[in-house]
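Tertiary structure, described
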Amino acid sequence: MPTQMTEEAAGAAIYAAEAARCLGEVKADIAAAAQAADRDPGAVCLLAISKTKPVAQIEAFIERGQRHFGENRVQEAAEKWPALKRAHGNIELHLVGPLQTNKVKQALGLFDVIQTLDREKLARALAKHKDHADFPRLYIQVNSGAEPQKSGILPQDLPAFHALCLDLGLTIDGLMCLPPAAQAAGPHFALLGKLAAQIGVQSLSMGMSGDYATAIGLGATHIRIGTALFGAREGY
């Protein structure tokens, strides 16, 4: 038992040091990118993408003030976050991965924001619960590169889809995109900003570990950072 406790303490110390270092580096980069774009760094929300990461590592970030997190899978979030939310105040959890319609009810009790509203069937499933006391804020996922293997609403279809959501009684707070890996991200981020202005929403979730400075320069309100904070993910 003493050996196990020593190993746990050593692991916690490593997580704490890494969390402090990585948060410091990313926040400095956010401040620099915001300054270069003549923006307030406080207008950029850092989402720590904690998918596949253990609770002990996540807690190291929470203890250093990080309060906004993202997860890709409903089931994984259900295993980690209820206890974390009970133990720590003011946690905001975003779903940034696909949502199956049969997981909607479970997701409502877990997430404060669902960033991946990507099809009519899901919109209708969510609308059935729109009077839920803790109904999450919603972002529409835009398939900015029109990639057939990716989810999301095509840019030309966004106005009609947004109108459908409003007709269903859903409020849309923002847009999210994931640009094609083989293309420069900037034009996709610029497109998302134009689309947001077109339909009158304010929040722009765009930019990840490799391109978040570009996203900030083009108006991102939320950046989704995983690797730069938590390190590489194995087997994902």
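Residues numbered from 1 in each chain as written. Predicted model: local features only at pLDDT ≥ 70, side-chain atom pairs only at ≥ 80, totals over all residues. Heavy atoms only, no water.

Here the focus is the environment of glycine 24. Relative to the elements of secondary structure, glycine 24 occurs in helix α1 (residues 2-36). In this structure glycine 24 comes out as partly exposed when scored by relative accessible area, which is 38%. Sequence separation between glycine 24 and leucine 229 is 205 residues, and the spatial gap between their C-alpha atoms is 9.6 Å. (Helix = DSSP H or I, 4+ residues; strand = E, 2+ residues; numbered from the N terminus. Buried < 20%, exposed > 50% of the residue type's maximum accessible area, 1.4 Å probe, protein only.)

Our next topic: empty space enclosed by the protein. Evaluated as defined, the whole model comprises one cavity of 30 Å³ or more. As a volume, the largest cavity reaches approximately 40 Å³. If you go around the largest cavity, the residues you meet are Gln141, Val142, Asn143, Ser144, Gly145, Glu147, Lys150, Ser151 and Leu178. When the residues that make up the lining of the largest cavity are grouped by side-chain class, the tally is two nonpolar, five polar and two charged. (1 Å grid on protein atoms, 1.4 Å probe; cavity = no way out; pocket = protein on both sides within 12 Å on 5 of 7 lines; lining within 4 Å. Points joined across faces, edges and corners; volume = space filled by probe spheres on them. Nonpolar A, V, L, I, M, F, W, Y, C, P; charged D, E, K, R; others polar.)

On to the layout of surface pockets. When its volume is computed, the largest pocket comes out at roughly 540 Å³. Forming the walls of the largest pocket are 30 residues, and the residues nearest its centre are Lys51, Asn72, Leu178, Met208 and Arg224. Mapped by element, the contributors of at least two residues to the lining of the largest pocket are β6 (172-177) and β8 (222-225). The class makeup of the residues in the lining of the largest pocket is 13 nonpolar, twelve polar and five charged.

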